[in-house]
Amino acid sequence: DAKTTQPTSMDCAEGRAANLPCNHSTISGNEYVYWYRQIHSQGPQYIIHGLKNNETNEMASLIITEDRKSSTLILPHATLRDTAVYYCIVNFNKFYFGSGTKLNVKP
Amino acid sequence: EAGVVQSPRYKIIEKKQPVAFWCNPISGHNTLYWYLQNLGQGPELLIRYENEEAVDDSQLPKDRFSAERLKGVDSTLKIQPAELGDSAVYLCASSRGGTGYQETQYFGPGTRLLVL
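Before going into details, it helps to say that this report is about the structure given with it. (Residues numbered from 1 in each chain as written. Chains lettered and ligands numbered in written order. Predicted model: local features only at pLDDT ≥ 70, side-chain atom pairs only at ≥ 80, totals over all residues. Heavy atoms only, no water.)

With respect to the interface of chain B and chain A
So, point 1. Between chain B and chain A, the residue contacts involve 22 residues of the former and 20 residues of the latter.
So, point 2. Contact between chain B and chain A buries roughly 1600 Å² in total, counting both sides, with carbon and sulfur atoms accounting for 49%.
So, point 3. Per-residue buried area on chain B facing chain A is highest for B:Gln102, B:Thr104 and B:Phe107; these three make up 35% of the total on that side.
So, point 4. If you look at where chain B meets chain A, you find 1 salt bridge.
So, point 5. Between B:Asp56 and A:Lys94 there is a salt bridge, and its shortest N-O distance comes to 2.8 Å.
So, point 6. Linking chain B with chain A are 5 residue pairs in polar contact (both at pLDDT 80 or more).
So, point 7. Of the residues that constitute the side of chain B that touches chain A, the class distribution is 8 nonpolar, 9 polar and 5 charged. (Contact = heavy atoms within 4.5 Å. Buried area = accessible area lost by both parts, 1.4 Å probe. Salt bridge = Lys/Arg side-chain N within 4 Å of Asp/Glu carboxyl O. Polar contact = N/O pair within 3.5 Å; in protein donor to acceptor, adjacent residues only side chain to side chain. Nonpolar A, V, L, I, M, F, W, Y, C, P; charged D, E, K, R; others polar.)

Re the layout of surface pockets
So, point 1. In this structure, the largest pocket encloses a volume near 660 Å³.
So, point 2. The wall of the largest pocket is formed by 28 residues, among which A:His40, A:Ser41, B:Leu39, B:Gly40 and B:Arg112 lie closest to the centre.
So, point 3. Of all elements in the fold, only strand 8 (84-90) of chain A together with strand 2 (10-13), strand 9 (88-95) and strand 11 (111-115) of chain B reach the threshold of two or more residues within the lining of the largest pocket.
So, point 4. Its residues placed into classes, the lining of the largest pocket shows 12 nonpolar, 12 polar and 4 charged. (1 Å grid on protein atoms, 1.4 Å probe; cavity = no way out; pocket = protein on both sides within 12 Å on 5 of 7 lines; lining within 4 Å. Points joined across faces, edges and corners; volume = space filled by probe spheres on them. Helix = DSSP H or I, 4+ residues; strand = E, 2+ residues; numbered from the N terminus.)

Considerations on the sheet that holds strand 3 (residues 33-38) of chain A
Residues and elements named next belong to chain A.
So, point 1. A sheet is described by the order of its strands in space; here 5 strands give the open sequence 1-9-8-3-4, paired in mixed fashion. Every other strand in the sheet has two partners, leaving strand 1 (9-13) and strand 4 (45-50) as the edge strands with one partner each. Across the sheet, the mean angle separating the axes of adjacent strands is 25 degrees when strand polarity is ignored.
So, point 2. As paired strands, strand 3 and strand 4 are joined by 5 bridges and run antiparallel to one another. Following the sheet pairing, Arg37 is matched in strand 4 by Gln45. (Pairing = 2+ DSSP bridges. Axes fitted to C-alpha atoms, helices over the stretch in contact; angles between N-to-C directions.)

Everything listed is a geometric property; what it means functionally is a separate question.
If you want it as C-alpha cells, here you go:
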C-alpha cells in the first residue's frame, strides 16, 4: 500500500550535501509528505514534513515540486551519524513506511 | 520532554510461550500506535488507539495478538502463544491526536523479540 518510491540505497561523502529523492505521483491534495529516518537498532526519528511549500528545520530541508509529485530531502552537511534508512511517507491518516533508502555516509 | 518509553528492550522466549510489551506515550498524546518491524523492512501498523478506543486494528492478527490501553495512557501488546515468525521489533509511537488525520508520530526505541 506504499504510495512512494525511493531508491534502495545511496552513498554520500562526509561533509557533502545528501539529496534523497522520493516519488509520490499519486499524492492527494490534502496529504502531507513526511520524512523519518531509522538508525540501526533505534526507533524511527521524525525529520521534517510539508504540504506544498519547501520547509527547513535544524535537521534538514524538504523540497516539494510544484505539482507535488516528488520531493527531495536535503541533509546539507552529511556526517557519519547520518548513516541510516530514510523513509518518505505520504498518506492521509495512516503511515506506510515502505523499505526506504539506505544512506551510507562515507569518510 | 520525555519520549515514548517501551519495555522491555529485548525479550527471548520459547515458542508457544506468552509475551507482553509495554508502552508509555509522550505526556498529553492521545493517539497511540503499535507497529511491527521485520528485519530489513519498514514498520507496519498493527493497531491505533484514540484515547481508550482502538480505531484501527485491521492489521492485528487477532487469533494470537491482543492489545489494551486502559485509561487512555499506557498500553500493552500481548502475544499468546508466540510463534517463530513473531520474531521482530515491536515499536510503539504516539501523536497528539484529536485531528483525525495525519499527524507527526514519535517513536519509542522498540522491543526486540526473539522466539526460539
